[in-house]
Amino acid sequence: MEASYIRRTKDGRIHIKSGSKGDQVVRWTLIILLVLTVVGFLLFNYTGLELGSAIAETAYNLKVMFLEPTLSHFDLGEAVYQVGITLGLAFLATIIGAIIAFFLSLMVATNLAPAWVSRIIRIFVAVIRAVPTVLWVLIFAISAGLGSEAAVLGMLFHSIAYLVKAFSEGFEEVDKGIFEALKSSGANWWHIVRSGVIPTTLTYLLSWVFLRFEINFGVAVAMGAAAGAGGIGFELFMASGFYFDLREVGFITYSILIIAFLLEVISTRLKRRYFPATSN
Amino acid sequence: MNEKAMRKSRWQTVIFLLIIIVLTYLSSAITRFNFVEGMATIPEAIGWIFSNLMVTQESMDKLPKILEKLAETIFMSIAATTIAAVISLFLGLFGSKTTKVNNFLSVFARFIASVSRNIPVVAWSLVLLLSFGQNSVTGFLALFIGTVGFLTRAFIESIDEASQSSVEALTATGATYLQIVSKAVIPQCLPQILSWVLFMVETNIRNATLVGILTGTGIGYTFDVYYKMLNYNAVALVTLCIVITVIIVDLISNYVRKVIL
């Protein structure tokens, strides 16, 4: 900083903000987001909305849901079974996704693969990610038929995209020295992966897989409801969309909440154990 | 590593793999998922996608209508994210260890975040649909609630990470709570917060499709209608529009993130 030159405003005050590019981008992003929000509210379609009664009704519905949960169209055993199906769908999509993502990310990590291969796969993955999961499931449902195959395949695509990103970042952080040491001892590419990359990144990879499992549980619930993939999500959809049975919706919501909380507790534990830097 | 430790770790790997295999077997049994069949449908499905999901002249006529719905969806997601970000900023300030007002509010903020995040967006949209009816506000609220949960958690983490020392410095000069928050905490966390908000806009555009299918609003509804009419050319066009939108939003937010972080 040169002390001799101080920028002043017209009335003689000193500029205290540097006015860098970053600040400007932050300001413009905020302004644009606010403007779009206001415009959005003006453009919304408000057909059939009576705000006052809707809020009162929602409050009543929530009260019924959370304070009087019961099951009327199926019993507890069936509920547990349906939760099991949802967990199963999530598990399958995660585990198959993890295996495929592992090999793909070996081809994406810039220190393990040539740049052009890495770029092609990155673009491919970005396109896969851009299609919402529910659209993948519905598209697969046309050719594979409604059922677990379509659901798992649809969820698989996003799991792969997510894990490839996480895995390849992990691989790229592997110490260069390990590569050099292995290469100088005459190791080929596969040796480097097997005895250099995997042992150093295994715990990191596993925690990402578990985080994805947590996400996939939520996705599996959604797919059950929106794409008829079965499981507790489908029961939720039936209870609210066909039977209008809020008490049952409440019970199902509680059962989903319990599983989600359990998964969250386990994943925070994992995070604390394996990435102490990112969580406090 | 000596011989014994190596053998032990090998055993651990074997047991771990066995557990995974058993779990995989159980899940495929309970969901009636057939590996071979599932894998066999991938080429079939891709072939089907390439032969049927083609944008034709006929479906291009529907483009204005689709774009209108797409715009509604984008506005819905941005509005939900922005409003949720304002609320979450307060909840985040209350919830963070460095800037909390009192313990009660801190626990309250964390509780709200946890509940609204863990109740799936599906449940929210179905419950809201019952009383709010089939219009944009339902979709907006469903996205809004989920976003509040996620952003509050993210903001609490960014505030905790960023502001320890500057808060201490300002406290030492005798600054009030509001001064500390507006001069130290917010300027310091703003890039992080903005980056989370942009991430959430992108996620919400994708989630809006799901919420749209369930509540009959926006682009999700359009997709659902064409899908059920078996008009696959229009389905392809809708999907293409969503893909292009998501990629553009992704590119913009990547650019902003690169500049501000």
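What counts and how
Residues numbered from 1 in each chain as written. Chains lettered and ligands numbered in written order. Predicted model: local features only at pLDDT ≥ 70, side-chain atom pairs only at ≥ 80, totals over all residues. Domains from an automatic or database assignment. Helix = DSSP H or I, 4+ residues; strand = E, 2+ residues; numbered from the N terminus. Buried ≥ 20, exposed ≤ 12 C-beta atoms within 10 Å, placed from the backbone. Axes fitted to C-alpha atoms, helices over the stretch in contact; angles between N-to-C directions. Parallel < 35°, antiparallel > 145°, perpendicular 65-115°, else oblique. Contact = placed C-beta atoms within 7 Å. Nonpolar A, V, L, I, M, F, W, Y, C, P; charged D, E, K, R; others polar. UniProt positions renumbered as here; feature names shortened; annotations may be inferred.

S.K.: So, the domain arrangement of chain B: which residues are in play, and what are the values?
M.R.: We note that the domain assignment places domain 1 (3–52) and domain 2 (58–260) within chain B. Summarising the inter-unit geometry, the C-alpha centres of domain 1 of chain B and domain 2 of chain B are found 34 Å apart.

S.K.: Please provide a residue-by-residue account of the environment of Lys10 of chain A, values included.
M.R.: All names here are of chain A. Inspection of the secondary structure assignment puts Lys10 in the segment before helix H1 (21–43). Its 5 C-beta neighbours within 10 Å are what place Lys10 among the exposed residues. Distance in space between the C-alpha atoms of Lys10 and Phe179 is 60 Å, their sequence separation being 169 residues.

S.K.: Outline the packing of helix H3 (residues 76–108) of chain A against helix H9 (residues 232–241) of chain A, supporting the account with residue identities and numerical values.
M.R.: All names here are of chain A. Close contact between H3 and H9 brings their axes to 7 Å; oriented N to C, the two are set at 125 degrees. Overall, the two elements H3 and H9 adopt an arrangement that is oblique. Contacts from Gln82, Val83 and Thr86 in H3 reach Ile232, Gly233 and Glu235 in H9. For the contact of H3 with H9, a count of residues per class yields 2 nonpolar, 3 polar and 1 charged.

S.K.: Explain the UniProt feature "transmembrane region" (unreviewed entry) in chain B to me, and be specific about the residues and the numbers.
M.R.: If you check UniProt for "transmembrane region" (unreviewed entry), the listed places come out as residues 74–95, 107–131, 137–156, 208–227 and 233–256 of chain B in our numbering. End C-alpha atoms of residues 137–156 of chain B are separated by 28 Å, and the span's content is 100% helix alongside 0% strand.

S.K.: So what's going on with the UniProt feature "transmembrane region" (unreviewed entry) in chain A? Residues and values would help.
M.R.: All names here are of chain A. UniProt marks residues 25–44, 79–108, 120–144, 189–211, 217–237 and 249–270 with the feature "transmembrane region" (unreviewed entry), using the numbering shown here. The span residues 79–108 is 100% helical and 0% strand by assignment, and the distance between its end C-alpha atoms comes to 42 Å. Helix makes up 100% of residues 189–211 and strand makes up 0%, while its end C-alpha atoms are separated by 29 Å.

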